[in-house]
Amino acid sequence: MRQTRAQPSYGLVGSGQAARHFGRYLRLRRIPFKRWTRRSGVPAEKALADCGTILLLIKDDALAPFIKAHPFLKGKRLVHFSGSLTVPGVVGLHPLVSFAPKRLSLKDYERIAFISETGGPSLQDIFPRLKNPSYGVLPRMKPYYHALCVMAGNFPVLLWRKFFREFSRVTGAPASAAKPYLDSVLANLGRGPSAVLSGPFARRDAGTIRRNAAALKGDSYQPVYRAFARAEFRRTK
Ligand SMILES: NC(=O)c1ccc[n+]([C@@H]2O[C@H](COP(=O)([O-])OP(=O)(O)OC[C@H]3O[C@@H](n4cnc5c(N)ncnc54)[C@H](OP(=O)(O)O)[C@@H]3O)[C@@H](O)[C@H]2O)c1
């Protein structure tokens, strides 16, 4: 007997980093879904009519207006991936990862932890076939949780971008000369919570820290250096 193919019940809105990666993950796990983007050329209500669960993987500020502008979404189970927002009536699942343009392997996707809102559905409730680690955060703690994510994920990139630029300018060396330095820092960071701090901050060498900060006079990063010193020494006092 010929089997009829089950209709996909997942819909995915968006074509940015999160939508591309999560779509690839679903394809690798052979979980069917339909995709819609603003450029699809068909109305969302038509493209996603038969989808019971719709993932809104669009930028945070667009979530509420998008839901308001599409009444057909009422009666669907909606999911967003924002780490900081809590949207009434929408399941929040935050993939704890920094998606880059490079594609990941199935193994990499399966390692990503998903942080759901305590008391709400988890990733497994929405996708029973996905076995990623799942944890909960209280909705009121989401803004704090996300601030931590952004500090850890974005600040080092900003600091290293600054470093590579200025290193080449003041030494004349190519950025590649600093790569072993970066590798040693990354290897240390790879130890997780037991990463070792070295340098004047580890030695609490106030004189060097003062001179470093003074040397950054006129540089937009001088207040950043001083803020780190203040935050760190207040924490360990
Ligand atoms: N990127 C990450 O590493 C990451 C990690 C965890 C969670 N997230 C979350 O994932 C969600 C998507 O982020 P992203 O990084 O994928 O963003 P992104 O790469 O900037 O893509 C944003 C997407 O939103 C769409 N969009 C913007 N305004 C829209 C509107 N008014 N109507 C319909 N679509 C609209 C864009 O469509 P067009 O292409 O048509 O402009 C684009 O597809 C966010 O909630 C974010 O917090 C992202």
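Remember, it's a predicted structure, so these values are computed and weren't measured experimentally.

Engineer: Sorry if this is basic, but what is going on with helix α6 (residues 142-171) here?
Structural biologist: Note that an α-helix has 3.6 residues per turn; residues three or four places apart therefore point the same way. Under the 1.5 Å per step criterion, the end-to-end length of α6 is 43 Å for 30 residues, consistent within 8% with the ideal 44 Å. Maximal helix bending in α6 amounts to about 30°, located at N154; proline P156 follows within four positions. Along its buried surface, α6 packs onto β4 (77-80), β5 (90-95), β6 (114-117), β7 (134-137) and α7 (179-189).

Engineer: So what exactly am I meant to see when it comes to the environment of R111 here?
Structural biologist: By the secondary structure assignment, R111 is in helix α4 (residues 106-111). Between the alpha carbons of R111 and L96 there is a distance of 9.8 Å; along the sequence they are 15 residues apart. Those residues within four positions of R111 in sequence are excluded, and the remaining contacts are N132 and P133.

Engineer: So what exactly am I meant to see when it comes to a nonpolar patch on the surface here?
Structural biologist: Where nonpolar side chains cluster on the molecular surface, the patch consists of L138, M141, Y144, L148, M151, F155, L158, L159 and F228 and spans about 780 Å² of accessible area. When residues of the nonpolar patch are assigned to their parent elements, the largest contribution, 6 residues, is made by α6. One can find F155 in helix α6.

Engineer: Mind showing me how you'd approach the domain arrangement of the chain here?
Structural biologist: Interface size is commonly expressed as the accessible surface area that is lost when the partners come together. Domain annotation of the chain identifies domain 1 (10-137) and domain 2 (144-236). Using only C-alpha atoms to locate each centre, domain 1 and domain 2 end up separated by 34 Å.

Engineer: What's the story with the site of the ligand in this structure? I'm lost.
Structural biologist: Taken together, 20 residues surround the ligand, and among them S15, R38, R39, D60 and F99 come closest. Between an oxygen atom of the ligand and a main-chain N or O atom of K59, the distance comes to 3.2 Å. For the ligand, the accessible surface in isolation is 910 Å², of which the surrounding protein chains cover 74%. Because more than half of its atoms lie within 2 Å of the grid, the ligand is assigned to the second largest pocket. At the level of secondary structure, the elements contributing two or more residues to the shell around the ligand comprise α1 (17-28) and β5. Of the residues belonging to the shell around the ligand, the class tally is 9 nonpolar, 7 polar and 4 charged.

What counts, and at which threshold
- Residues numbered from 1 in each chain as written.
- Predicted model: local features only at pLDDT ≥ 70, side-chain atom pairs only at ≥ 80, totals over all residues.
- Heavy atoms only, no water.
- Helix = DSSP H or I, 4+ residues; strand = E, 2+ residues; numbered from the N terminus.
- Expected span 1.5 Å × (residues − 1).
- Bend = angle between axes of the 7 residues up to and from the residue.
- Contact = heavy atoms within 4.5 Å.
- Patch = residues over 30% accessible without salt bridge, like charges linked within 9 Å, V, L, I, M, F, W, Y side chains within 5 Å.
- Areas by Shrake-Rupley, 256 points an atom, 1.4 Å probe, with all protein chains shown as cover.
- Salt bridge = Lys/Arg side-chain N within 4 Å of Asp/Glu carboxyl O.
- Domains from an automatic or database assignment.
- Near = heavy atom within 4 Å.
- Polar contact = N/O pair within 3.5 Å; in protein donor to acceptor, adjacent residues only side chain to side chain.
- 1 Å grid on protein atoms, 1.4 Å probe; cavity = no way out; pocket = protein on both sides within 12 Å on 5 of 7 lines; lining within 4 Å.
- Sits in = over half its atoms within 2 Å of the grid points.
- Nonpolar A, V, L, I, M, F, W, Y, C, P; charged D, E, K, R; others polar.

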